[in-house]
Amino acid sequence: MFLAEEKLPDPLHGDIGELISKLQVRTTWGQREQDLRAQLVDRLAKQGYVSLVGHPSRYHLTLVGESCLYDVPANRRGRLKVFRGKRIRIVCVSSGRFDRGLMAGVVD
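Residues numbered from 1 in each chain as written. Predicted model: local features only at pLDDT ≥ 70, side-chain atom pairs only at ≥ 80, totals over all residues. Heavy atoms only, no water.

Some remarks on the pairing of strand β1 (residues 50–54)
So the rule is basically this: The cut-offs for exposure are 20% and 50% of the maximum accessible area for each residue type, with area from a 1.4 Å probe on protein chains only; residues under the lower value are buried, those over the upper are exposed, and the others partly exposed. In DSSP terms, a helix is any run of H or I states spanning at least four residues, a strand is any run of E spanning at least two, and both are numbered starting from the N terminus. Strands are labelled as partners when DSSP assigns at least two bridges between them.
By the alternation rule, side chains of β1 split into Val50, Leu52 and Gly54, which are all buried, and Ser51 and Val53, of which none is buried. Both β1 and strand β4 (residues 100–106) contribute to a ladder of five bridges, which runs antiparallel. What sits directly across from Leu52, in β4, is Leu102.

This is the structure:
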């Protein structure tokens, strides 16, 4: 679990940032947006991002296309344990009734 104060703004640079920014400005959810989301998930997977499921109260991301950066502490446990001591980007790629589909990976 991360605290809301630990959430860092995502500069949205690179090809992943471009796809995220296109999803963030959407006003509807049609075929174009579904295709953008599929492209984003594919690009994230190719760059080694891992998938996880999380609750909005723990990761502070609620909408598809929302993203942020976190500095993972050295004592982190669970799915993000592999990122100990690194700065990661977490992206919301799907939403459900209670949980969100997230993808996380190291950023430079």
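Things to note about helix α1 (residues 14–24)
As a reminder of what qualifies: This arc corresponds to the set of directions leading from the helix axis out to the C-beta atoms. Whether two residues touch is decided by their heavy atoms; if any such pair falls within 4.5 Å, the residues are in contact.
All buried positions along α1 are accounted for by Ile16, Gly17, Leu19, Ile20 and Leu23. One face of α1 carries all of its buried residues, which in axial projection span an arc of 160°. If you follow the buried residues of α1, they end up packed against α2 (31–46), β2 (67–71) and β3 (87–95).

A closer look at the pairing of β4
Across the seven residues that make up β4, a large majority, six, are buried. Two elements, β3 and β4, share seven bridges in a ladder whose sense is antiparallel. Bridging across to β4, Val91 finds its partner in Met103. Linking β3 to β4, which pair antiparallel, is a turn of four residues.

Some details on the side chain of Arg89
Within the secondary structure, Arg89 sits in strand β3. Judged by relative accessible area, Arg89 falls into the buried class, the value being 3%.

Concerning the pattern of salt bridges
Our working rule: Here a salt bridge means any side-chain nitrogen of Lys or Arg lying within 4 Å of a carboxyl oxygen belonging to Asp or Glu.
Under the definition given, this model contains six salt bridges. Close ionic contact of Arg89 with Asp10 constitutes a salt bridge, the shortest N to O distance being 2.8 Å. Taken together, the residues span a long stretch of sequence, with Arg89 in strand β3 and Asp10 in the segment before α1 at a distance of 79 residues. The exposure class of Asp10 is buried, given its relative accessible area of 12%. Across the pair Arg43 and Asp15 runs a salt bridge, and its minimum N-O distance is 3.3 Å. Here the residue Arg43 occupies a position in helix α2, and Asp15 occupies one in helix α1, the gap between them amounting to 28 residues. Of the residues examined, Asp15 reaches a relative accessible area of 34% and is grouped as partly exposed.

What to know about the packing of α1 against α2
Spelled out, the test is: Axis definition: a line fitted to C-alpha atoms, over the contacting stretch in the case of helices. Angles run 0 to 180 degrees between N-to-C directions. The scheme is simple: roughly parallel for angles under 35 degrees, roughly antiparallel for over 145, roughly perpendicular for 65 to 115, oblique for anything else. Each crossing gets its hand from how the near helix is turned against the far one by less than a right angle, where anticlockwise is left-handed and clockwise is right-handed. Three classes are used, and their members are as follows: Ala, Val, Leu, Ile, Met, Phe, Trp, Tyr, Cys and Pro are nonpolar, Asp, Glu, Lys and Arg are charged, and the others, Gly among them, are polar.
Relative orientation of the contacting elements α1 and α2 amounts to 155°, with a least axis distance of 10 Å. On the basis of their axis angle, the class for α1 and α2 is roughly antiparallel. Seen from above, α1 lies across α2 with left-handed handedness. Along its contact with α1, which presents Asp15, Ile16, Leu19, Ile20, Lys22 and Leu23, the element α2 presents Glu33, Leu36, Arg37, Gln39, Leu40, Arg43 and Leu44. Of the residues assigned to the contact of α1 with α2, the class counts are seven nonpolar, one polar and five charged.

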